[in-house]
Amino acid sequence: MVSIRRAEMQDLQHMQHCNLWCLPENYTYKYYLYHGMVWQSLLYVAEDINSGRIVGYVLAKQDEEDEEGTKLEHGHITSLSVLRTHRKLGLANKVMQSTHRDMDKIFESHYVSLHVRVSNRAALGLYRDKLGYETFDTEEKYYADDENAYNMRKWFRKKLEKQQ
């Protein structure tokens, strides 16, 4: 059994551990600490109830300016990961929906953005098909290994509102 809950400061090291096991893009503990101190209400974890182990997480933040230089309040997904032993259970979808809800209701974000490797078919299926993200742009050689990334967005407010 797995529980989805808001991350606490003591979870940050376990979130980093999950990241190190699953993803080629890794962050220092200081980076997790920064997110936890500034945007704790946007961080969620999936916790295995039986073991107490963090098996997935979403690391997110708020931005005040976007690539076009507009002052639209929006969220950004920094990192999302679920251990291989707990995939295909809908955990990534659940932690993302929790973060989306808080970005929308607490911060009144207009949209949320993220970057994803163009080769990551599983993530693209989650973002496009289940969570409603759209490809906004492609960023050439975004990752350290020179792979391109899709810059994707999910709108919470009508796109027309961004022009007002």
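As shown above, the structure is provided for reference.
Residues numbered from 1 in each chain as written. Predicted model: local features only at pLDDT ≥ 70, side-chain atom pairs only at ≥ 80, totals over all residues. Heavy atoms only, no water.

A.B. asks: Help me get a handle on helix 3 (residues 91–105), residues and values and all.
C.D. replies: Between its first and last C-alpha, helix 3 extends 21 Å over 15 residues, near the 21 Å set by a 1.5 Å rise per residue. Burial analysis of helix 3 places 11 of its 15 residues in the buried class, which makes it a mostly covered element. (Helix = DSSP H or I, 4+ residues; strand = E, 2+ residues; numbered from the N terminus. Expected span 1.5 Å × (residues − 1). Buried < 20%, exposed > 50% of the residue type's maximum accessible area, 1.4 Å probe, protein only.)

A.B. asks: Account for the side chain of Asp11, with residues named and values stated.
C.D. replies: One can find Asp11 in the loop between strand 1 (2–6) and helix 1 (12–22). Non-local contacts of Asp11, meaning those with residues more than four positions away in its chain, are made with Arg5, Arg6, Val45 and Ile54. (Contact = heavy atoms within 4.5 Å.)

A.B. asks: Help me get a handle on the sheet that holds strand 5 (residues 111–117), residues and values and all.
C.D. replies: Pairing between the strands of a sheet is mediated by backbone hydrogen bonds and can be parallel or antiparallel. If you walk across this open sheet you meet the 7 strands as 1-2-3-4-5-7-6, and the pairing is mixed. This sheet does not close on itself; its edge strands, each paired only once, are strand 1 and strand 6 (134–139). This sheet shows a mean twist of 25° between the axes of neighbouring strands, independent of strand direction. Relative to strand 7 (residues 149–155), strand 6 is paired through 5 bridges, and the arrangement is antiparallel. Directly across from Thr138, in strand 7, lies its bridge partner Tyr150. On the sheet, helix 3 packs against strand 1, strand 2 (44–48), strand 3 (54–63), strand 4 (74–82), strand 5 and strand 7 and is oriented at approximately 160° with respect to strand 4. (Pairing = 2+ DSSP bridges. Axes fitted to C-alpha atoms, helices over the stretch in contact; angles between N-to-C directions.)

A.B. asks: I'd like to hear about the pattern of salt bridges, residue by residue, with values.
C.D. replies: Under the counting rule described, the total for this entry stands at 7 salt bridges. Between Arg5 and Asp11 there is a salt bridge whose closest N-O contact spans 2.6 Å. Take Arg5: its relative accessible area is 19%, and that puts it in the buried class. In this structure, the salt-bridge partner of Asp102 is Arg101, at a minimum N-O distance of 3.5 Å. (Salt bridge = Lys/Arg side-chain N within 4 Å of Asp/Glu carboxyl O.)

A.B. asks: Tell me what's going on with the packing of aromatic side chains, and back it up with residues and numbers.
C.D. replies: For the coordinates displayed, the defined rule picks out 5 aromatic pairs. Centroid distance Tyr34 to Trp39: 5.2 Å. Interplanar angle 85°. Geometry classified as edge-to-face. Here Tyr111 and Trp155 contribute two aromatic rings whose centre-to-centre distance is 4.7 Å and whose plane-to-plane angle is 45°, an arrangement assigned as tilted. Of the two residues, Tyr111 sits in strand 5 while Trp155 sits in strand 7, which places them 44 residues apart along the sequence. (Phe/Tyr/Trp six-rings, centres within 6.5 Å; stacked < 30°, edge-to-face > 60°.)

A.B. asks: Help me get a handle on helix 4 (residues 121–130), residues and values and all.
C.D. replies: By the burial criterion, the buried members of helix 4 are Ala123, Leu124, Leu126 and Tyr127. Down the axis of helix 4, the sector holding all buried residues measures 160°, keeping them to one side. Turned more than 90 degrees from where helix 4 packs its buried face, Arg121, Ala122, Asp129 and Lys130 sit exposed. Of the surrounding secondary structure, the elements contacted by the buried residues of helix 4 are strand 4, helix 3, strand 5 and strand 7. Backbone geometry just after helix 4 places Gly132 at a positive phi near 80°. (Arc of directions from axis to C-beta.)

A.B. asks: So, the nonpolar core: which residues are in play, and what are the values?
C.D. replies: Of all hydrophobic cores here, the largest spans 38 residues; its most connected members are Met15, Ile77, Met96, Tyr127 and Tyr133. The element that contributes the greatest number of residues to this core is strand 3, accounting for 6 residues. If we ignore the near neighbours within four places in the chain, the residues touching Ile77 are Val58, Leu59, Ala60, Met96, Thr99, Met103, Val112, Ser113, Leu114 and Tyr133. (Core = buried A, V, L, I, M, F, W, Y, C linked by side-chain atoms within 4.5 Å.)

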